[in-house]
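# Fold and geometry: a report
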Amino acid sequence: MRKLRMDELSRKNKIEFQQADKLPVILLLENIRSMHNVGSIFRTADAFLVEAIYLCGYTPHPPHRDIHKTALGATETVGWKYIEDTPEAVKFLKNEGYQMVAVEQVVGSIALQEFKLPEGEKMVLIFGNEVDGVSEEVLKYCDACIEIPQFGMKHSLNVSVAAGMVLWELVRSVMKYSSYKF
């Protein structure tokens, strides 16, 4: 085995990234405390060609040194918007035709491995605060909730880890079951 060189990774440049077809998914971050989590989610959103990120409530937003440190430039490629009022952002996106899907442990949640992005649909994935999760106020606007099955003693994951897992599973199912091309 040999590690690939940077020029062998088929990376898009900024213009190619901006022109590329995006996964029809917006990430909405509600009251995330950690700038490192926000930066990490930007980086993951770039990796999976996510349409945009909405930063809501007291979620920190660029420009900030600690976000940029973790994002490694993804704040310059991934589209983002800051809207302080989370329910306002959710209602706006719902009116734009997006399905609202929270990543949260609720009665009636769908196990991540069972959830598929319906072809032709647009989706907002909502990730909540590191301690309190997605607020009850926002949950009432959701069309579904995804839960990541967990088997150990702890029943929570770091929000940036959860975002990576959910996005990978969606991308994997899109690549397997859809005509969407990356």
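Before going into details, it helps to say that this report is about the structure given with it.

The rules behind these values
Residues numbered from 1 in each chain as written. Predicted model: local features only at pLDDT ≥ 70, side-chain atom pairs only at ≥ 80, totals over all residues. Heavy atoms only, no water. Helix = DSSP H or I, 4+ residues; strand = E, 2+ residues; numbered from the N terminus. Rg over C-alpha atoms; globule rule 2.2 N^0.38 Å. Buried < 20%, exposed > 50% of the residue type's maximum accessible area, 1.4 Å probe, protein only. Contact = heavy atoms within 4.5 Å. Areas by Shrake-Rupley, 256 points an atom, 1.4 Å probe, with all protein chains shown as cover. Lys, Arg positive; Asp, Glu negative; His and termini not counted. Charge placed at Lys NZ, Arg CZ, Asp CG, Glu CD. Arc of directions from axis to C-beta. Polar contact = N/O pair within 3.5 Å; in protein donor to acceptor, adjacent residues only side chain to side chain. Pairing = 2+ DSSP bridges. Axes fitted to C-alpha atoms, helices over the stretch in contact; angles between N-to-C directions. Parallel < 35°, antiparallel > 145°, perpendicular 65-115°, else oblique. Left-handed = near helix turned anticlockwise from the far one by under 90°. Core = buried A, V, L, I, M, F, W, Y, C linked by side-chain atoms within 4.5 Å.

## Regarding the overall build of the chain
Within the chain, the secondary structure is distributed over six helices and seven strands. In sequence order, the secondary structure elements of the chain are arranged as α-β-α-β-α-β-α-β-β-β-α-β-α. By the compact-globule yardstick of 16 Å for 182 residues, the chain fits well, its C-alpha radius of gyration being 16 Å. For the chain, the residues scored as buried account for 45% of the 182 residues in total. Residue pairs at least 24 apart in sequence account for 81% of intrachain contacts in the chain once pairs closer than 6 positions are excluded. Just so you have it, the chain exposes about 10300 Å², and 52% of that area is on carbon and sulfur atoms. Once the 21 positive and 24 negative side-chain charges of the chain are each reduced to a mean point, those two points are 8 Å apart.

## What to know about helix H4 (residues 86-95)
What H4 keeps buried is the set Thr-86, Pro-87, Ala-89, Val-90 and Leu-93. Taken down its axis, H4 places every buried residue within 160° of arc, on the same side. If you follow the buried residues of H4, they end up packed against strand S1 (23-30), strand S2 (50-56), strand S3 (79-83), strand S4 (98-103), strand S6 (122-127) and helix H5 (136-139). The N-terminus of H4 is capped by Asp-85, whose side-chain oxygen sits 2.9 Å from the backbone nitrogen of Glu-88. Directly beyond the C-terminal end of H4, a positive phi value near 95° is found at Gly-97.

## Quick word on the sheet that holds S1
If you trace the seven strands from one edge of the open sheet to the other, you get S3-S2-S1-S6-S4-S7-S5, paired in parallel fashion. Every other strand in the sheet has two partners, leaving S3 and strand S5 (110-111) as the edge strands with one partner each. Pairing of S1 with S2 involves six bridges; the strand directions are parallel. In the strand pairing of S2, Ile-26 is matched with Ala-52. Running at roughly 165° to S2, helix H2 (residues 35-47) makes contact with S1, S2 and S3 of the sheet. Each of S1, S2, S4, S6 and strand S7 (144-147) touches helix H6 (residues 159-177); the most contacted strand, S6, lies at about 160° to it.

## Some points on the pairing of S4
Of all the six residues making up S4, five are buried; the element is thus mostly covered by neighbouring parts of the structure. With five bridges joining them, S4 and S6 adopt parallel strand pairing. Each bridged residue has a counterpart across the sheet, and for Tyr-98 the counterpart in S6 is Lys-122. Pairing of S4 with S7, which is carried by three bridges, proceeds in the parallel orientation. Each residue of the ladder has a partner; that of Val-103, found in S7, is Ile-146.

## Description of the environment of Gly-108
With respect to the secondary-structure elements, Gly-108 resides in the loop between S4 and S5. Separated by 41 residues in sequence, Gly-108 and Ile-67 place their C-alpha atoms 34 Å apart.

## Some thoughts on the packing of H2 against H6
Where H2 meets H6, the axes come as close as 8 Å, and the angle between the chain directions of the two elements is 15°. Between H2 and H6, the interaxial angle falls into the category roughly parallel. The way H2 lies across H6 gives a crossing that is right-handed. Mapping the contact onto sequence places Asn-37, Ser-40, Ile-41 and Thr-44 in H2 and Val-159, Ser-160, Ala-163, Gly-164 and Leu-167 in H6.

## Concerning the nonpolar core
Leu-27, Ile-53, Leu-125, Phe-127 and Val-166 are the most contacted members of the largest nonpolar core, which has 39 residues in total. Only S1, H2, S2, helix H3 (65-71), S4, S6, S7 and H6 provide two or more residues apiece to this core. The element that contributes the greatest number of residues to this core is H6, accounting for eight residues.

Bear in mind that shape data such as this cannot, by itself, settle questions of function.
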